[in-house]
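Architecture at a glance
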Amino acid sequence: MEHTKALNALEPFVLLAPSANSPRAVADLITRATSAPNTFVFAELLETRNVQALARANDEWKPYLTLLQIFAWGTWMDYQ
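Being a predicted model, the structure only gives us computed values, none of them experimental. (Residues numbered from 1 in each chain as written. Predicted model: local features only at pLDDT ≥ 70, side-chain atom pairs only at ≥ 80, totals over all residues. Heavy atoms only, no water.)

1. Structural notes on the side chain of Thr 48
For Thr 48, the position within the fold is in the loop between α3 (43-46) and α4 (49-52). In this structure Thr 48 comes out as buried when scored by relative accessible area, which is 15%. Other than its neighbours up to four places away in sequence, Thr 48 contacts Val 14 and Ala 17. (Helix = DSSP H or I, 4+ residues; strand = E, 2+ residues; numbered from the N terminus. Buried < 20%, exposed > 50% of the residue type's maximum accessible area, 1.4 Å probe, protein only. Contact = heavy atoms within 4.5 Å.)

2. Remarks on the pattern of salt bridges
For the coordinates displayed, the defined rule picks out two salt bridges. A salt bridge links Asp 28 to Arg 32; its shortest N-O distance comes to 3.4 Å. A residue pair is termed a helical-turn pair when its members lie 3 or 4 positions apart in one helix, as Asp 28 and Arg 32 do in helix α2 (residues 23-35) at four residues. For Arg 32, a relative accessible area of 40% gives the class partly exposed. Lys 62 is the salt-bridge partner of Asp 59, the closest N and O atoms lying 3.4 Å from each other. (Salt bridge = Lys/Arg side-chain N within 4 Å of Asp/Glu carboxyl O.)

3. Let's talk about the packing of α2 against helix α5 (residues 62-73)
Contact geometry of α2 with α5 gives a least axis separation of 9 Å together with a crossing angle of 30°. Here α2 is positioned roughly parallel relative to α5, judged by the angle of their axes. Helix-helix and strand crossings are classified by hand; for α2 and α5 the assignment is left-handed. Taken together, the residues of α5 that come into contact with α2 (itself represented by Ala 27, Ile 30, Thr 31 and Thr 34) are Tyr 64, Leu 65, Leu 67, Leu 68 and Phe 71. For the contact of α2 with α5, the per-class residue count stands at seven nonpolar, two polar and no charged. (Axes fitted to C-alpha atoms, helices over the stretch in contact; angles between N-to-C directions. Parallel < 35°, antiparallel > 145°, perpendicular 65-115°, else oblique. Left-handed = near helix turned anticlockwise from the far one by under 90°. Nonpolar A, V, L, I, M, F, W, Y, C, P; charged D, E, K, R; others polar.)

4. Overview of the nonpolar core
Counting 20 residues, the largest nonpolar core has Phe 13, Leu 45, Val 51, Leu 54 and Leu 68 as its most contacted members. Those elements that place two or more of their residues in this core are α1 (2-16), α2, α3 and α5. The dominant element in this core, judged by the number of residues it contributes, is α2, at five residues. (Core = buried A, V, L, I, M, F, W, Y, C linked by side-chain atoms within 4.5 Å.)

In structure tokens form, the structure reads like this:
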């Protein structure tokens, strides 16, 4: 039940990811997703093409990808 709730909370962000066509738009999407209540599952968003494109963007945007990776797979120690 809780997992379904978390997936439902992430769904709007996954649906918006294809239309986030600039690094700034993707960074904003990541910020909103990681700040949204009841959003605790992030792997689907991390797998989207536009989010993965941040790895090839200039260094200004890479921290947003790192943040999402920590939220998806990391631990508290990774965050600190």
